Amino acid sequence: MDPVMKLDELYNQYDDWFFAGDFAAADNELAKTDPAAIQPEISVGVLTITGVWKKNLQNRQDFFDRTRDHFIKLFGETRTNKILHGLDFK
């Protein structure tokens with residue numbers, strides 16, 4: 001699927017969960033999503049979408065860490081740090 005279409009779909013799904021207060025559904029999606037199985041821009045999009053709600057998402061930091069590990073394998077540490085800059089929200 002085209003990354004732009006997939007991102008649009010994800011934004012809509014996460015927005016639906018967040019505005020319904022269904023953080024558990026969003027958190028479960030983060031837990032089961034494998035960053036190595038999706039396009040890098042999708043992983044960045046998921047981190048962007050979920051950043052504001054991170055305090056309600058126990059699995060977000062783990063998703064960030066798994067994404068970072070995968071990106072380091074793809075792009076190296078320096079480029080990964082630039083790509084993910086500001087998305088950690090620690």
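To be clear, the structure that these remarks concern was listed above.
In this report, we go over the structure that sits alongside the text.

Calculation rules
Counting restarts for each chain: residues are numbered from 1 in the order of the written sequence. Given that this is a predicted model, residues contribute local features only at a pLDDT of at least 70 and side-chain atom pairs are listed and counted only at 80 or more, while totals for whole chains, interfaces and linings are drawn from all residues. Each side-chain value is worked out from all heavy atoms of the structure, with water and hydrogens disregarded. Between 30 and 60 degrees the pair is tilted, below 30 it is stacked and above 60 it is edge-to-face, where a pair is any two Phe, Tyr or Trp rings, Trp via its six-membered ring, whose centres lie within 6.5 Å. Here a helix means four or more residues in a row that DSSP labels H or I, a strand means two or more in a row labelled E, and each is numbered from the N terminus. Burial classes: relative accessible area under 20% of the type maximum marks a residue as buried, over 50% as exposed, and values in between as partly exposed (1.4 Å probe, protein chains only).

Regarding the packing of aromatic side chains
Taken as a whole and judged by the stated rule, the model has six aromatic pairs. When the ring of Tyr-14 is compared with that of Trp-17, the centres are 5.1 Å apart and the planes differ by 85°; the resulting orientation is edge-to-face. With Tyr-14 and Trp-17 both in helix 1 (residues 3-20), this residue pair falls three residues apart, about one helical turn. Classification of Tyr-14 by relative accessible area gives buried; the value is 1%. The interplanar angle of 80° and the centroid separation of 5.5 Å between the aromatic rings of Phe-71 and Phe-75 together place this pair among those described as edge-to-face. In this pair, Phe-71 and Phe-75 are both assigned in helix 4 (residues 60-75), four residues apart and thus about one turn of the helix distant. Judged by its relative accessible area of 0%, Phe-71 falls in the buried class. Taken together through their ring pairs, the aromatic side chains of Tyr-14, Trp-17, Phe-18, Phe-23 and Trp-53 make up a single cluster.

What is shown is where atoms sit, not what they do.
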